[in-house]
Amino acid sequence: KRTLNLCLELVMELNDQEGKLYCDYLLAKIYILEKNYRFAKEIFDDIFKKENILLPEYLNIVNEYLTLLIQMNLFSQATKVIQKYEKHFAKSDIFLRKDFYKNILKVSIYKNQNLKTELEQVLEMIDLLEQEIQDNNEEILNEAADDEKKEEVSVNLRQSIFQIER
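Residues numbered from 1 in each chain as written. Predicted model: local features only at pLDDT ≥ 70, side-chain atom pairs only at ≥ 80, totals over all residues. Heavy atoms only, no water.

Details of the side chain of Thr79
Next, step 1: Note that Thr79 resides in helix α5 (residues 75–90).
Next, step 2: Engagement of the side chain of Thr79 in a polar contact is seen with the backbone oxygen of Phe75, the distance being 2.8 Å.
Next, step 3: If sequence neighbours within four positions are ignored, Thr79 has contacts with Val107 and Lys111. (Helix = DSSP H or I, 4+ residues; strand = E, 2+ residues; numbered from the N terminus. Polar contact = N/O pair within 3.5 Å; in protein donor to acceptor, adjacent residues only side chain to side chain. Contact = heavy atoms within 4.5 Å.)

Description of the packing of aromatic side chains
Next, step 1: Summed over all chains, the structure comprises 8 aromatic pairs.
Next, step 2: Relative to Tyr65, the ring of Phe44 has its centre 5.4 Å away and its plane inclined at 40 degrees; by these criteria the two rings are tilted. Of the two residues, Phe44 is situated in helix α3 (residues 37–50) and Tyr65 in helix α4 (residues 59–71); the sequence distance between them amounts to 21 residues.
Next, step 3: Taking relative accessible area as the criterion, Tyr65 reaches 3% and is therefore assigned buried.
Next, step 4: For the pair Phe48 and Tyr85, a centre-to-centre distance of 5.8 Å together with 75 degrees between the ring planes defines the contact as edge-to-face. (Phe/Tyr/Trp six-rings, centres within 6.5 Å; stacked < 30°, edge-to-face > 60°. Buried < 20%, exposed > 50% of the residue type's maximum accessible area, 1.4 Å probe, protein only.)

Quick notes on a nonpolar patch on the surface
Next, step 1: There is a patch of nonpolar side chains on the surface, built from Val122, Met125 and Ile126 and spanning about 240 Å² of accessible area.
Next, step 2: In this fold, Met125 is placed in helix α7 (residues 116–165). (Patch = residues over 30% accessible without salt bridge, like charges linked within 9 Å, V, L, I, M, F, W, Y side chains within 5 Å. Areas by Shrake-Rupley, 256 points an atom, 1.4 Å probe, with all protein chains shown as cover. Salt bridge = Lys/Arg side-chain N within 4 Å of Asp/Glu carboxyl O.)

Examining the pattern of salt bridges
Next, step 1: Per the counting criterion, the structure on display carries 9 salt bridges.
Next, step 2: For the salt bridge of Lys102 with Asp127, the shortest nitrogen-to-oxygen distance reads 2.4 Å. Taken as a pair, Lys102 in helix α6 (residues 94–111) and Asp127 in helix α7 lie far apart in primary sequence, 25 residues in all.
Next, step 3: Between Glu151 and Arg158 there is a salt bridge, and its shortest N-O distance comes to 3.9 Å.
Next, step 4: Glu151 gets classed as partly exposed once you look at its relative accessible area, which sits at 44%.
Next, step 5: Salt bridges sharing partners connect three or more residues here, namely Lys98, Asp99, Lys102, Asp127 and Glu130.

What follows is the structure, encoded as structure tokens:
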């Protein structure tokens, strides 16, 4: 926090609005990690008051804010944020869009108590599937790295044999 405050002082000195936005975002993330949701929400509220519409590269902040609002059971406020940024997410990165749609689903689940149990199970299944996909991707990357190492050893071995034969 101390380092972040020093950065914030420098950013303010330089009048760097983008830097201030990022420092505020990091401070909110720290508060979330400390489970101090009220202060994190105040910081996010300030960010969203200053930035009428955030630039597309900051849509991840919208997802973080929605996640916080959901944790705090502030579903009507989350719905307003969803409505405000929905069009921007339609054109965004697929991973940002996926997280945004999951937040929409979570808000719907918690607002509609009748379907809550059933939809929570579906959401849990989606989370498990995402973890499985991530594990598969990591496994594929590890296999590719192993194949590269085997190929490198094979090349070195062929070169050594070639040099010995000469």
